[in-house]
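# Structural description and commentary
Take a look at the letters that make up each chain.
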Amino acid sequence: MYVAVKGGEAAIQNAHRLLADRRRGDRGVPALRLDQIVEQLALGVDRVMAEGSLYDRELAALAIVQSRGDLIEAIFLVRAYRTTLPRFGYTRPVDTAAMQVERRVSATYKDLPGGQLLGPTFDYTHRLLDPELANGGEAEEPAQRDAQPERMSRVSEILAQEGLIEADGELPDDHVTGDITREPLEFPMERDIRLQALSRGDEGFLLALGYSTQRGYGRSHPFVGEVRIGEVELELDVPELPFAVPLGRIRVTECQMVNQFKGSAKAPPQFTRGYGLVFGQSERKAMAMSLCDRALRAREMGEDITAAAQDEEFVISHSDNVQATGFVEHLKLPHYVDFQAELDLVRRMRAEHDAREDAGVAETREAAE
Amino acid sequence: MKMDRRQEKDLEAARKAAMAALALAPADELKRLCQEAGLPGDAQMLRGPETGLVTVRGRIGGGGAPFNFGEATVTRATVRLATGEVGHSYALGRDKEKARLSAIADALWQDPSRRAAIEEKILGPLRAAQSEADEKRRAETAATKVDFFTMVRGED
């Protein structure tokens, strides 16, 4: 028999109070300010914005403090906050060719127009811990070099001149841009919806899947055509104004992955592409996203679907870390009734099993006698 | 006097550029400039200031079909001046005072007799600061540009 019970109210209250205390930690240590997090833990903030799918640095910093630095918890907080706000509309698509570039490298062309701009990168560092930083080490002012503003064309436009690369991904004219925040996921899905899911997908999950394609599970021979980071302008069409109203700028990371493709029944040999576009400075994520985007185009390309990274339903259904953590972590909540039922079932099965065993033993004995 | 189509377009472009400078402005800087310029600080609020979301779009491959890739916070406001002009503001972020001041500046800008003052006292300094910051960033990035040189090995 199971009797419904309730309780734990005081325990929960005190647990939350304890959490608040542990979150604050030693009161002798100054409390973190949000601007410190925005300025000095900027890439953590960017990750929370990208996967929380909300561009707002201060809110992301607040979420990081509140979650004690647990980024998935912070992403959860940001997603929850998002649902409390009304929606003003959809911006015009950002123009990444007009980006204020802060970093731009290509692994396929050495001398591309605009050049290789390393920007603030961890690449080529020796990955040695810097003890100076433990004492707040001051940084030098960055070097400067004269430069004129220029529109930096995308590397895909260079290959396009030879006709050896597929065009930017077009969808039929009558296609209405999908929005996973409005409609439930349905499979198979169009590439625009997949990209939306990937852009806010878990970096670790997409990184592992991208890596798996490099190791041979759905191999796609990738090259980084280009990675660029910088600010792009946002504009919104509103009924009260005769022009698209400027909203300001956001920093994004874009990755153009170029993949060798030996052709299929549907297309001639050429380079194909995977695309990544992510909030903030999130290079690893944008690269992983573009690898997954390309792998998930297997059906469209007429390729055999043999690997996890090519399985749309598998990848997209499991890429959201808020959903994933919700379902995994709910296992620790009380399941007393479910378990009681399971326990009864296992007891009964065990009794039947034992009875069969006993009967079997008895039979063998009789036969032996 | 009726404006021809061309003048109207120019005026729209100028107003859009003004709204762009206001949207990019750091909130504290805008508040300081408005105070120093002695702008009429009160206006009838017709809407907001209110914070909401916009869904941000990109294009597949950079130039292909649009897709949504996330949301951003935006705050907007609409005001009416005693003299009748209606001003709007939209900007990323959640600063309501910035939205209110920007809407007032937009309304004042529409009055030809006050436009020059807004351009000089508010928009001018904002644009100067913005382009200085952009230039600095561009120069810092340019310093990280790779200069390749060829290593000649062996005879000819």
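Above this text you will find the structure in question.
Attention in this report is confined to the structure presented alongside it. Everything quoted here is computed from the prediction, not taken from an experiment.

## Topic: the overall build of chain B
Helix and strand counts for chain B stand at four helices and three strands. In chain B, the succession of helices and strands from N to C terminus is α-α-β-β-β-α-α. Its C-alpha radius of gyration of 21 Å places chain B more than 25% over the 15 Å reference for a compact globule of 156 residues. Counting all 156 residues of chain B, 42% fall into the buried class. Sequence separation of 24 or more characterises 52% of the internal contacts of chain B that already satisfy a separation of 6 or more.

## Observations concerning the interface of chain B and chain A
Taken together, the 48 residues of chain B in the interface contact 66 residues of chain A. For the side of chain B that touches chain A, the elements supplying multiple residues, two or more each, are α1 (5–24), β1 (44–59), β2 (66–80), β3 (86–92) and α4 (112–142) of chain B. Take the side of chain B that touches chain A: its biggest share by element is 10 residues, from β2(B). Partitioning the side of chain B that touches chain A into residue classes produces 22 nonpolar, 15 polar and 11 charged.

## Topic: α1(B)
Compared with the 28 Å implied by 1.5 Å per residue over 20 residues, the 29 Å span of α1(B) between its first and last C-alpha is a close match. Residues of α1(B) that are buried sit in contact with β5 (245–261) of chain A together with β3, α3 (96–109) and α4 of chain B.

## Looking at the sheet that holds strand β6 (residues 270–279) of chain A
All names here are of chain A. With respect to topology, four strands assemble into an open sheet ordered β3-β4-β5-β6, the strand pairing being antiparallel. One side of each edge strand has no neighbouring strand; the edge strands of this open sheet are β3 (100–105) and β6. Between one strand and the next, the sheet's axes are offset by a mean angle of 20 degrees, whatever the strand orientation. With 14 bridges joining them, strand β4 (residues 222–236) and β5 adopt antiparallel strand pairing. Paired with R228 across the bridge in β5 is E254.

## Notes on the pairing of β1(B)
Here strand β2 (residues 87–90) of chain A pairs with β1(B) via three bridges, running parallel. In the strand pairing of β1(B), Y90(A) is matched with T55(B). Inspection of the sheet shows β1(B) paired to β2(B) by 13 bridges, in the antiparallel sense. Opposite G52(B), over in β2(B), you have V74(B) as the bridge partner. Once β1(B) ends, the chain turns through six residues before running back antiparallel as β2(B), passing G61(B) with a positive phi of about 70 degrees.

The rules behind the values
- Residues numbered from 1 in each chain as written.
- Chains lettered and ligands numbered in written order.
- Predicted model: local features only at pLDDT ≥ 70, side-chain atom pairs only at ≥ 80, totals over all residues.
- Helix = DSSP H or I, 4+ residues; strand = E, 2+ residues; numbered from the N terminus.
- Rg over C-alpha atoms; globule rule 2.2 N^0.38 Å.
- Buried ≥ 20, exposed ≤ 12 C-beta atoms within 10 Å, placed from the backbone.
- Contact = placed C-beta atoms within 7 Å.
- Nonpolar A, V, L, I, M, F, W, Y, C, P; charged D, E, K, R; others polar.
- Expected span 1.5 Å × (residues − 1).
- Pairing = 2+ DSSP bridges.
- Axes fitted to C-alpha atoms, helices over the stretch in contact; angles between N-to-C directions.

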